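# Overview (structure and organization)
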Amino acid sequence: MAGLQQTNSEKILLSWVRQSTRNYPQVNVINFTSSWSDGLAFNALLHSHRPDLFDWNAVASQQSPVQRLDHAFNIARQHLGIEKLLDPEDIATACPDKKSIFMYVTSLFQVLPQQVTMEAIREVEMLPRHSRVTREEHIQVHHQQHFTQEVSCFTFLLLSCCSKVVVSLTYPISL
């Protein structure tokens, strides 16, 4: 039952986020991991409810992911009373910690307007259930596999070569 309740909580929270950030074309939140790593989702969520706090265009176009994350966490701390529980460097990665982001977004949900439509919930239910592997993650895994194969091949050749040298030294060839 706890797993089902967690899933429902995630659906509701994700629905709220998607509904809140719908007017921000640079933002497409589909999960509680990689969708948050560039800092845009946190800032869009804050700006959608409190546009008086900062200039969205300045934050979206001129800052790095770490700067955008730091900006969002500072705005939430200063104006909403939410402690800076996350380090921008820990979130600005290919796959940040899901539970940490979920917890922080839940804190935002508790202090910002919470209206969630059934349409938004249905939209979340239609999202892919499996986490998507980004092109960069796929390339990284492919390179790691290729490197491992090269190292294995090199090790095999090295061992083969060395064993021949050892055999030659152990058993000198007489002419």
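Our structure is the block above this text.
Attention in this report is confined to the structure presented alongside it.

About the criteria used
- Residues numbered from 1 in each chain as written.
- Predicted model: local features only at pLDDT ≥ 70, side-chain atom pairs only at ≥ 80, totals over all residues.
- Heavy atoms only, no water.
- Phe/Tyr/Trp six-rings, centres within 6.5 Å; stacked < 30°, edge-to-face > 60°.
- Helix = DSSP H or I, 4+ residues; strand = E, 2+ residues; numbered from the N terminus.
- Buried < 20%, exposed > 50% of the residue type's maximum accessible area, 1.4 Å probe, protein only.
- Salt bridge = Lys/Arg side-chain N within 4 Å of Asp/Glu carboxyl O.
- Expected span 1.5 Å × (residues − 1).
- Core = buried A, V, L, I, M, F, W, Y, C linked by side-chain atoms within 4.5 Å.
- Contact = heavy atoms within 4.5 Å.
- Polar contact = N/O pair within 3.5 Å; in protein donor to acceptor, adjacent residues only side chain to side chain.

## Brief notes about the packing of aromatic side chains
Taken as a whole, this structure holds 8 aromatic pairs when the rule is applied. Plain terms: the ring middles of Trp16 and Phe109 are 5.0 Å apart, the flat faces sit at 80° to each other, and that makes the pair edge-to-face. Pair noted here: Trp16 is in helix H1 (residues 2-20) and Phe109 is in helix H6 (residues 98-111), with a separation of 93 residues, a long-range link. Using a relative accessible area of 0% as the deciding quantity, one classes Trp16 as buried. Looking at Phe109, the relative accessible area reads 18%, which means it is buried.

## Observations regarding the pattern of salt bridges
A full pass over the atoms with the stated rule returns 6 salt bridges. For Lys11, the salt bridge identified is with Glu125, shortest N-O distance 3.5 Å. Of the two residues, Lys11 is situated in helix H1 and Glu125 in helix H7 (residues 118-125); the sequence distance between them amounts to 114 residues. Ionic pairing is found between Asp52 and Arg50, a salt bridge with its closest N-O pair at 3.1 Å. Via salt bridges that share partners, Arg18, Arg22 and Glu123 belong to a single interconnected network.

## Some details on the side chain of His71
Tracing the backbone shows His71 in helix H4 (residues 65-80). By relative accessible area, which is 18% here, His71 ends up buried.

## Let's talk about H6
An α-helical turn contains 3.6 residues, so a residue and the one three or four places further along point in the same direction. Taking 1.5 Å of rise per residue, the 14 residues of H6 would be expected to cover 20 Å, and the 20 Å separating its terminal C-alpha atoms lies within 8% of that figure. Here H6 has its buried residues at Ile101, Phe102, Tyr104, Val105, Ser107, Leu108 and Phe109.

## Remarks on the nonpolar core
Counting residues in hydrophobic clusters, the biggest one holds 38 residues, and the most contacted among them are Trp16, Trp36, Phe42, Leu46, Val105 and Leu108. At the level of secondary structure, the elements contributing two or more residues to this core comprise H1, helix H2 (40-49), helix H3 (56-62), H4 and H6. Residue contacts for Phe42: discarding those within four places in its chain leaves Trp36, Leu69, Ala72, Phe73, Leu86, Ile91, Ile101, Tyr104, Val105 and Leu108.

## Quick notes on the environment of Val105
Tracing the sequence through the fold places Val105 in helix H6. Separated by 91 residues in the primary sequence, Val105 and Leu14 place their C-alpha atoms 9.2 Å from one another.

## Examining H4
Between the first and last C-alpha of H4 there are 21 Å, a value that for 16 residues agrees with the 22 Å anticipated at 1.5 Å per step. All buried positions along H4 are accounted for by Arg68, Leu69, His71, Ala72, Phe73, Asn74, Ile75, Ala76 and Leu80. Those residues of H4 that are buried lie in contact with H2, H3, helix H5 (88-91) and H6. Once H4 finishes, Gly81 follows within two positions and takes phi at roughly 75°, a positive value.

## Describing the side chain of Thr21
Note that Thr21 resides in the loop between H1 and H2. A distance of 2.8 Å separates a polar atom in the side chain of Thr21 from the backbone oxygen of Val17. Sequence-distant contacts of Thr21, that is, excluding residues within four places in its chain, are made with Val27, Ala41, Ala44 and Leu45.

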